[in-house]
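A structural walkthrough
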There are 2 protein chains.
Amino acid sequence: MAKLSGDDMQQKIMEAAQTLFLEKGYMATSTVDIAKKVGCNQALVHYYFRTKQNLFKQIYLQYVNALMQLGKKNIEQCTSVVDLVHEIIHLYFTFFSQYPNVPYFFVNELIVSSEHRKMVQECFIDNQMRIMLFNQLTQLIRNDIAAGKIRDVNPYALIQNIVSLVLTSFLALPLYNDFISSDEADKQAYLHRREQECEDIILCSLKV
Amino acid sequence: MAKLSGDDMQQKIMEAAQTLFLEKGYMATSTVDIAKKVGCNQALVHYYFRTKQNLFKQIYLQYVNALMQLGKKNIEQCTSVVDLVHEIIHLYFTFFSQYPNVPYFFVNELIVSSEHRKMVQECFIDNQMRIMLFNQLTQLIRNDIAAGKIRDVNPYALIQNIVSLVLTSFLALPLYNDFISSDEADKQAYLHRREQECEDIILCSLKV
DNA sequence: CTTTAATTTAATAGGGTTATTAAATAAGTA
DNA sequence: TACTTATTTAATAACCCTATTAAATTAAAG
């Protein structure tokens, strides 16, 4: 393989790993697969990242970060819960439409592997941003409840409901593909419909 | 190992495999693991089931069936959508509380493996019962809409929303365990809360 | 142009995996 | 009891996996 400046190769390996981890999950992806995709020797993957777990960690945390930033930008601009729900659902759908495997990736790795869960936990717990975001959301909810704009809801439950509905819309994509239609346009239409449905159902649950 | 009458051994292997597949998923479970759990030779697993995939299939279809039966019994007894929503959510929560890994098992295998998806597809497509159940649900919805008892909803969307909210309540259990509380009573309380929340949110979305 | 450091490779150790074999053991039957 | 069939085992073939090694190659610096 033509030698690249080290950073380039590292980058290429990460990208290939990303694609494969997203497609098949951690377990089903081998460092040999990754090297094959890049077109380099398998030992090179270990040269740059030492272990497979390490390589995974870097990729995983990138996504955790990207999603956090998404939430952050969003919550700072919204002044009402209804607004926030609309924006956050739209943002998630836009993001995940670009990377439709990310939801599966997250669900799978968070649920299947206590090790991976710990990884995320480490970067979340005592994480200033997480606490800040949650507090801002709580405050926003309290204000709207006091103003009689929404009914009394638990912030955790609200988050869980939104995340559930959004994630499963994407988790169901392979099923939609196999059972209903494999036409790309149909899948796009399905996602648009789901975005509306998710928003509707959450907003319904907030009505006084 | 003391020799058992063949059926007993087959049964024991299936049960061990079930436990392990549910706990760790298909990929992470080896036939060696299964044999170890049973306390028999690994070749015996292959003697009875020939391949690991085969063993998995039998277990998987058992659950598909169990969940179908659950739905069937339920839909036949309900006369209104609101009734049905209440009953089905309760039934799912009761069932999954007994087997809290089943939701993960399903989601994971359906999403990760197109082969496993095909397996389910084969037993679903052209499946009389599935069609019947869906038709009954559609009829029930139509009646209630006509009677002004619920607003116009798409049956598919309703099903997806219910399944989403229920499944993710269980998918989130490991997270709840690690991030919030590992106390068994707390987890039970969480599930009870979720059951109520799922019902509430769905019923809200049905209000005229 | 040579030395040095970074990159890449081939080779391999030390695991683990599924699946198949033939041989051993037990149970059932005539 | 002797033959037959069903179970169970040990052994092993034929893979794939991660990670490490030392050697080869290339790029950069003096």
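Predicted model, so just to flag it, every value in this text is computed and none were measured.

A closer look at the nonpolar core
Leu55(A), Ile202(A), Leu55(B) and Ile202(B) are the most contacted members of the largest nonpolar core, which totals 135 residues. With sequence-adjacent residues up to four places away left out, Ile202(A) is seen in contact with Val85(A), Ile89(A), Leu158(A), Asn161(A), Ile162(A), Leu165(A) and Ile201(B).

Observations concerning the relation of the copies chain A and chain B
Superposition record for chain A on chain B: RMSD 0.1 Å, screw rotation 180°, translation along axis 0.0 Å. Both chain copies can therefore be described as sitting about a two-fold axis. A high fraction, 100%, of the interface residues of chain A reappear at the interface in chain B, so the copies pair face to face through one surface.

Topic: the packing of helix 11 (residues 184-206) of chain A against helix 9 (residues 155-171) of chain B
When two helices pack together, their arrangement is captured by the angle between the axes and the distance separating the axes. Put simply, helix 11 of chain A and helix 9 of chain B touch, their axes get as near as 12 Å, and they point 65° apart. Crossing handedness for the pair helix 11 of chain A and helix 9 of chain B: right-handed. When helix 11 of chain A is examined against helix 9 of chain B, the residues Tyr190(A), Arg194(A), Glu197(A) and Ile201(A) are found in contact with a partner set consisting of Ala157(B), Gln160(B), Asn161(B) and Ser164(B).

Some details on helix 9 of chain B
All names here are of chain B. The terminal C-alpha atoms of helix 9, which comprises 17 residues, lie 24 Å apart, in line with the 24 Å expected from a rise of 1.5 Å per residue. The buried fraction of helix 9 amounts to 14 of the 17 residues, a majority that puts the element mostly inside the structure. By the N-cap criterion, in which a side-chain oxygen at the helix start approaches the backbone nitrogen of a residue two or three places on, helix 9 is capped by asparagine 154, the distance to tyrosine 156 being 2.7 Å.

Observations concerning the packing of aromatic side chains
Where two aromatic rings form a pair, the distance of their centres and the angle of their planes describe that pair. Residue and element names in this part refer to chain A. The tally for this structure, following the rule as stated, stands at 36 aromatic pairs over all chains. For the ring pair tyrosine 60 and phenylalanine 106, a centre distance of 5.0 Å and an interplane angle of 45° mean the geometry is tilted. Separated by 46 residues along the polypeptide, tyrosine 60 in helix 4 (residues 52-77) and phenylalanine 106 in helix 6 (residues 102-112) bring together distant segments of the chain. The ring of tyrosine 26 carries the charged tip of lysine 52 above its face, separated from the ring centre by 4.4 Å.

Some details on the interface of chain A and chain B
Each partner contributes to the interface: chain A provides 34 residues, whereas chain B provides 34 residues. Surface buried jointly by chain A and chain B totals about 3200 Å² across both partners, of which 66% is contributed by carbon and sulfur atoms. When the buried area of chain A at its contact with chain B is split by residue, Ile111(A), Phe179(A) and Ile201(A) rank highest and sum to 17% of it. The interface formed by chain A and chain B includes two salt bridges. Among the salt bridges present, the one from Arg117(B) reaches Asp178(A), with a minimum N-O distance of 3.0 Å. At the boundary of chain A and chain B, one finds 10 residue pairs in polar contact (both at pLDDT 80 or more). The set of elements that each furnish at least two residues to the side of chain A that touches chain B consists of helix 1 (6-28), helix 6, helix 7 (114-124), helix 9 (155-171), helix 10 (173-180) and helix 11 of chain A. In terms of residues, the side of chain A that touches chain B owes the most to one element, helix 9 of chain A, which gives eight residues. A class-by-class count of the residues in the side of chain A that touches chain B yields 20 nonpolar, eight polar and six charged.

The rules behind the values
Note that residues are indexed from 1 along each chain, following the sequence as it is written. For naming, the first written chain is A and the first written ligand is 1, with later ones following in the order written. The predicted origin of the model limits local features to residues at a pLDDT of at least 70 and limits the giving and counting of side-chain atom pairs to 80 or more, whereas totals for whole chains, interfaces and linings rest on all residues. The basis for every side-chain value is the complete set of heavy atoms in the structure, and neither hydrogens nor water enter the calculation. Among the buried residues, those of types Ala, Val, Leu, Ile, Met, Phe, Trp, Tyr and Cys that are joined through side-chain atoms within 4.5 Å form a nonpolar core. Only protein chains enter the calculation, and the probe is 1.4 Å; a residue is then buried if its accessible area is under 20% of its type maximum, exposed if over 50%, and partly exposed in between. Only heavy atoms enter the contact rule, under which two residues are in contact if any of them lie within 4.5 Å. The copies were overlaid with a least-squares fit restricted to C-alpha atoms from residues scoring a pLDDT of at least 70 in each copy. All axes here are fitted lines through C-alpha atoms, helices being fitted over the stretch that makes contact, and every angle between N-to-C directions spans 0 to 180 degrees. The secondary structure listing takes helices from DSSP runs of H or I that are at least 4 residues long and strands from runs of E that are at least 2 residues long, numbered from the N terminus. Crossing handedness is defined as follows: a turn of the near helix away from the far one that is anticlockwise and smaller than a right angle gives a left-handed crossing, while the clockwise case is right-handed. Helix span, expected: 1.5 Å multiplied by one less than the number of residues in the helix. As used in this structure description, the phrase polar contact means that two N or O atoms lie within 3.5 Å; if the pair is within protein, one of them must be able to donate a hydrogen and the other to accept it, and residues adjacent in sequence are counted only when both atoms belong to side chains. Ring geometry is summarised as follows: Phe, Tyr and Trp rings, the Trp one being its six-membered ring, pair when their centres sit within 6.5 Å, and such pairs are stacked at plane angles under 30 degrees, edge-to-face over 60 and tilted between the two. By the criterion adopted, a ring carries a charge over it if an Arg CZ or a Lys NZ lies within 6 Å of its centre and within 35 degrees of its normal. Once two parts are put together, the accessible area they lose, assessed with a 1.4 Å probe and summed over both, is termed the buried area. We define a salt bridge as a contact between a side-chain nitrogen of Lys or Arg and a carboxyl oxygen of Asp or Glu at a distance within 4 Å. Any residue that is not Ala, Val, Leu, Ile, Met, Phe, Trp, Tyr, Cys, Pro, Asp, Glu, Lys or Arg is counted as polar, Gly included; the first ten are nonpolar and the last four charged.

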